[in-house]
Amino acid sequence: MSDGCADGCSAPVGVGLSDARRAVLTRRIRWFVAATITYNVIEAIVAIAAGRAASSTALIGFGLDSTIEVASAAAVAWQFSGSDPEARERVALKIIGLSFFALAAYVTVESVRALLGGAEAEHSTAGIVLAALSLAIMPALSYAQRRAGRELGSHSAVADSKQTLLCTYLSGVLLIGLLLNTLFGWYWADPIAALVIAVVAVKEGREAWRGEHCC
């Protein structure tokens, strides 16, 4: 099953793995999930605090997105905490799918509010630095978890890695929006780009719900 990505991906396999290799991959995914949760908790606290200080809807939304990412990673952590992760996979996928839908709904509402005349955000050095760090860190974490999840044959681990990748896109959107607002006063750039992210989130949520993630 393919999600239409362009890099020639295939569905998670997990076939013919030895018990030792399966154990290694399971531990690796647990580590990636723990790292994702830890980073996103810190990210959420910093983003929400900076967003309130600068009256930035984008920054506050980014912080709330981080809490959704924590929920997604926690679902995978719950799955792999059991003796039979495969038995819990469908429930984990449903939780991940719902987290995508929640993110899309929030981003859409806040973007429309911003476009219709929300409060103009002030410059935020902390927000720019945070967005830049996330843009550098999250792609590597997403790739590593996706690679391990595909080898293990875990749809939920792959779906969660795509949630992390979506966080990367949001980081880019946030960084561009903050910079354009700071340099040119273009407050509308971020909400328009965020609406595109909301569409992607709906697509990813549907695929996670159906168990169609591959890469």
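Keep in mind the model is a prediction, meaning the values are calculated, not measured.

A. Here's a closer look at the overall build of the protein chain. Per the secondary structure count, the protein chain includes 6 helices and 0 strands. Seen in sequence order, the protein chain has helices and strands lined up from the N terminus as α-α-α-α-α-α. Within the protein chain, the proportion of its 215 residues that are buried is 48%. Of all intrachain contacts in the protein chain linking residues separated by at least 6 positions in sequence, the fraction that spans at least 24 positions is 80%. By element, 66% of the accessible surface of the protein chain is carried by carbon and sulfur atoms, the whole surface being about 9900 Å².

B. Representation of the environment of V91 within the structure. Relative to the helices and strands, V91 resides in helix α3 (residues 85-115). Among the residues examined, V91 registers a relative accessible area of 44% and is labelled partly exposed. Expressed as a C-alpha distance, the spacing of V91 and V76, which sit 15 residues apart in the sequence, is 9.7 Å.

C. Summary view of the nonpolar core. In terms of nonpolar packing, the biggest core is built from 42 residues, with I29, F62 and I96 touching the most fellow members. The leading source of residues in this core is helix α5 (residues 155-184), at 9 residues. Not counting chain neighbours up to four residues away, the residues in contact with I96 comprise S72, A75, V76, S156, A159, D160 and A208.

D. Looking closely at the pattern of salt bridges. Inspection of the entire model under this criterion finds 3 salt bridges. For E151, the salt bridge goes to R21, with nearest N and O atoms at 2.8 Å. Linking E151 in helix α4 (residues 125-152) with R21 in helix α1 (residues 19-54), this pair joins segments that are 130 residues apart in sequence. Note on E151: relative accessible area 27%, which makes it partly exposed.

E. Seen up close, the packing of aromatic side chains. Taken as a whole and judged by the stated rule, the model has 2 aromatic pairs. Centre to centre, the rings of W31 and F32 are 5.6 Å apart; their planes meet at 80°, and the pair counts as edge-to-face. Taking the relative accessible area as the measure of exposure, W31 reaches 56% and is therefore exposed. Owing to a relative accessible area of 10%, F32 belongs among the buried residues under this scheme.

F. Representation of α3 within the structure. With 31 residues, α3 should cover 45 Å at 1.5 Å per step; its first-to-last C-alpha distance of 44 Å lies within 8% of that length. Maximum bend of α3: about 30°, positioned at V91.

G. Fine view of the packing of helix α2 (residues 57-80) against α5. Packing of α2 against α5 leaves a shortest axis separation of 10 Å and a crossing angle of 170°. Judged by the angle between their axes, α2 and α5 are roughly antiparallel. When α2 is examined against α5, the residues A58, L59, F62, D65, I68, E69, S72, A73, V76, Q79 and F80 are found in contact with a partner set consisting of S156, A157, D160, Q163, T164, C167, L170, S171, L174 and L178.

H. A nonpolar patch on the surface, seen in detail. On the surface, a cluster of nonpolar side chains totalling about 780 Å² of accessible area is made up of L115, L179, L183, F184, W186, Y187, W188 and I192. The element contributing the most residues to the nonpolar patch is α5, with 3 residues. With respect to the helices and strands, the residue W188 is situated in the loop between α5 and α6 (189-210). W188 gets classed as partly exposed once you look at its relative accessible area, which sits at 38%.

I. The arrangement of the confidence of the model for the protein chain in detail. Confidence in the prediction of the protein chain, expressed as mean pLDDT, is 80, and 89% of residues score 70 or more. Within the protein chain, α2 has the poorest average pLDDT of any element, 80, and α4 the best, 90. The model gives residues 1-11 a pLDDT under 50, and that stretch makes 24 contacts with residues more than four places away or in other chains.

J. Here's a closer look at the packing of α5 against α6. Interhelical geometry of α5 versus α6 gives an angle of 175° and a closest axis separation of 9 Å. Here α6 runs roughly antiparallel to α5, going by the angle between their axes. Note on element contacts: α6 touches α5 through A189, D190, A193, A194, I197, V200, A201, E204, E207 and A208, opposite A159, K162, L166, Y169, L170, V173, L174, G177 and L180. Of the residues contributing to the contact of α5 with α6, the split by class is 14 nonpolar, 1 polar and 4 charged.

What counts and what doesn't
Residues numbered from 1 in each chain as written. Predicted model: local features only at pLDDT ≥ 70, side-chain atom pairs only at ≥ 80, totals over all residues. Heavy atoms only, no water. Helix = DSSP H or I, 4+ residues; strand = E, 2+ residues; numbered from the N terminus. Buried < 20%, exposed > 50% of the residue type's maximum accessible area, 1.4 Å probe, protein only. Contact = heavy atoms within 4.5 Å. Areas by Shrake-Rupley, 256 points an atom, 1.4 Å probe, with all protein chains shown as cover. Core = buried A, V, L, I, M, F, W, Y, C linked by side-chain atoms within 4.5 Å. Salt bridge = Lys/Arg side-chain N within 4 Å of Asp/Glu carboxyl O. Phe/Tyr/Trp six-rings, centres within 6.5 Å; stacked < 30°, edge-to-face > 60°. Expected span 1.5 Å × (residues − 1). Bend = angle between axes of the 7 residues up to and from the residue. Axes fitted to C-alpha atoms, helices over the stretch in contact; angles between N-to-C directions. Parallel < 35°, antiparallel > 145°, perpendicular 65-115°, else oblique. Patch = residues over 30% accessible without salt bridge, like charges linked within 9 Å, V, L, I, M, F, W, Y side chains within 5 Å. pLDDT = per-residue confidence, 0-100. Nonpolar A, V, L, I, M, F, W, Y, C, P; charged D, E, K, R; others polar.

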